[in-house]
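This is what each chain is made of:
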Amino acid sequence: MMNRKRPKVYITRKLPDAVETRMRELFEAELNIDDTPRTQPELVAAVKTADVLVPTVTDRIDAALIEQAGPQLKLIASFSNGFDHIDVDAAARKGITVTNTPNVLTEDTADMTMALILAVPRRLVEGARVLIEKPGEWTGWSPTWMLGRRIWGKRIGIIGMGRIGTAVARRAKAFGLSIHYHNRKRVNPATEDELEATYWDSLDQMLARVDIVSVNCPSTPATFHLLSARRLALMQPTSYIVNTARGDIIDEDALIQCLREGRIAGAGLDVFENEPAVNPKLIRLAGEGKVVLLPHTGSATIEGRIDMGDKVIINIRTYFDGHRPPNRVLPSRT
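Going by an unreviewed UniProt entry, the chain carries the name D-glycerate dehydrogenase and comes from Rhizobium terricola.

**Regarding the UniProt feature "domain: D-isomer specific 2-hydroxyacid dehydrogenase catalytic" (unreviewed entry) in the chain**
As recorded in UniProt, the sites labelled "domain: D-isomer specific 2-hydroxyacid dehydrogenase catalytic" (unreviewed entry) are residues 18–329. Spanning residues 18–329, this segment combines 39% helix with 12% strand, and its end C-alpha atoms are found 25 Å apart.

**Side note on the domain arrangement of the chain**
By domain assignment, the chain separates into domain 1 (8–100 + 302–329) and domain 2 (105–293). Taking only C-alpha atoms, the centre of domain 1 and the centre of domain 2 are 32 Å apart. The interface of domain 1 with domain 2 comprises 7 residues on the first partner and 4 residues on the second. Where domain 1 abuts domain 2, roughly 390 Å² becomes buried across the two surfaces, and 55% of that area is made up of carbon and sulfur atoms. Considering only the side of domain 1, the residues that lose the most area to domain 2 are N81, D84 and G304, jointly responsible for 66% of the buried surface there.

**Observations concerning a nonpolar patch on the surface**
A grouping of L131, I132, W138 and W145 is seen on the molecular surface, where their side chains present a nonpolar patch of about 460 Å² in accessible area. Summarising the element assignment, L131 is placed in helix 6 (residues 124–133).

**A closer look at the UniProt feature "domain: D-isomer specific 2-hydroxyacid dehydrogenase NAD-binding" (unreviewed entry) in the chain**
Mapped onto the present numbering, the UniProt feature "domain: D-isomer specific 2-hydroxyacid dehydrogenase NAD-binding" (unreviewed entry) falls at residues 114–298. Taken end to end, residues 114–298 comprises 35% helix and 15% strand; its first and last C-alpha atoms sit 10 Å apart.

**Quick notes on the pairing of strand 9 (residues 212–215)**
Of the two faces of strand 9, the one carrying I212 and S214 and the one carrying V213 and V215 are both buried. Examined bridge by bridge, strand 6 (residues 155–159) and strand 9 share 4 bridges and lie parallel to one another. The residue of strand 9 that forms the bridge with I158 is S214. The sheet contact formed by strand 9 and strand 10 (residues 240–243) spans 4 bridges and is parallel. Looking at strand 10, one finds that I212 is bridged to Y240.

**Looking at the sheet that holds strand 9**
Within a sheet, adjacent strands bond to each other through the backbone by hydrogen bonds, running parallel or antiparallel. An order of 8-7-6-9-10-11-12 is seen for the 7 strands of this open sheet, with the pairing classed as parallel. Of all the strands in the sheet, just strand 8 (198–199) and strand 12 (291–293) have a single pairing partner and so form its edges.

**Some words on the state of the cysteines**
Here a disulfide denotes a covalent bond joining the sulfur atom of one cysteine to the sulfur atom of another. A complete count under the given rule lists 0 disulfides for this structure. Unpaired in terms of disulfides, C217 finds its nearest cysteine sulfur in C258, a separation of 18 Å.

**Examining the sheet that holds strand 3 (residues 52–54)**
The strand order across the open sheet formed by 5 strands is 2-1-3-4-5, and the pairing between neighbours is parallel. Looking at the sheet topology across the chains shown, the edges are occupied by strand 2 (28–30) and strand 5 (97–99). Within the sheet, the average angular offset between the axes of one strand and its neighbour, ignoring direction, is 15°. Running at roughly 160° to strand 4 (residues 75–77), helix 13 (residues 302–320) makes contact with strand 1 (8–11), strand 3, strand 4 and strand 5 of the sheet.

**Examining the environment of G136**
Among the secondary structure elements, G136 is positioned in the loop between helix 6 and strand 6. Along the backbone, G136 and P102 are 34 residues apart, and their C-alpha atoms lie at a distance of 47 Å.

**A short note on the nonpolar core**
Grouped together as the largest cluster of nonpolar side chains are 30 residues, with contacts concentrated most on I159, V215, L227, L232, I241, I250 and L255. Mapped onto this core, the elements with two or more residues apiece are helix 9 (203–207), strand 9, helix 11 (252–260), strand 11 (266–269) and helix 12 (280–287). The greatest single-element share of this core, amounting to 5 residues, is contributed by helix 11. The contacts of L232, once residues within four sequence positions are left out, are L227, I241, I250, D251, A254, L255, C258 and I264. With 24 residues, the next largest nonpolar core counts V120, I158, I212 and V242 among its residues.

Conventions and cut-offs
Residues numbered from 1 in each chain as written. Predicted model: local features only at pLDDT ≥ 70, side-chain atom pairs only at ≥ 80, totals over all residues. Heavy atoms only, no water. UniProt positions renumbered as here; feature names shortened; annotations may be inferred. Helix = DSSP H or I, 4+ residues; strand = E, 2+ residues; numbered from the N terminus. Domains from an automatic or database assignment. Contact = heavy atoms within 4.5 Å. Buried area = accessible area lost by both parts, 1.4 Å probe. Patch = residues over 30% accessible without salt bridge, like charges linked within 9 Å, V, L, I, M, F, W, Y side chains within 5 Å. Areas by Shrake-Rupley, 256 points an atom, 1.4 Å probe, with all protein chains shown as cover. Salt bridge = Lys/Arg side-chain N within 4 Å of Asp/Glu carboxyl O. Buried < 20%, exposed > 50% of the residue type's maximum accessible area, 1.4 Å probe, protein only. Pairing = 2+ DSSP bridges. Disulfide = S-S within 2.5 Å. Axes fitted to C-alpha atoms, helices over the stretch in contact; angles between N-to-C directions. Core = buried A, V, L, I, M, F, W, Y, C linked by side-chain atoms within 4.5 Å.

As structure tokens, then:
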């Protein structure tokens, strides 16, 4: 590849320095030094001139944008595990290959999921806030103050038993939780045996019987508002819900109503339905200790981001060496 003209690569957000340096060594890479989100007109200008677009989940790469791409744009190498922000079918119609960066964020996201599973029932954020914001309020240990809920011996229901869901299950089992899961199909028997996991074909039935719900499925048209008002109503009033997948899998308005009315005990959210906007009602509930909110940091580790960048580079190099990229995303139709 180095003996041929280097592809022009347009990167929409700031990436780790090590990744950007390697990009500059290998390609004609245009960086986003100040990390300002690119506007739609800037993206249009980019697809008219770049050979490769490297977007992230914050960029909307829809059919209208792809239609304006010049004939030189051959690859959209997304710096992301998910690809719901890209119209893969529209790209295929224009002869543009799409890639992503799968299988590098599993452990990081599972760690954050477990952190929320601990933080919500044990009121960790609420307790920390007392010390930071109201230091004079705490007068010492009391047997009845700041009581939370034990998670040992409880049941966790995992929605989406893929790599991340399975990694969450392994952590949860180590904390004494009984593993239940709902998936499009059962996991292999060896994994079920290892985790002593109970499979539920019916999501409704599982929701009514578990103490903690962990959302770990991808965002697709089929999973939009999968946890609807009707399904949230099936949960026990002592149960908790944690979401580190995508915000639109839960009907956020219905969740807020359930939390307000005490129909579920609490929630831990790392993702939101209208990111980057966060519903003010959720923020108020966080102030009341009913929900823990994080700014989409489930995969935010230095190691994970560098691994993602390495995959982007491999996908670009492989493509321009004349081979099929290892992380090609196939369209739903051709």
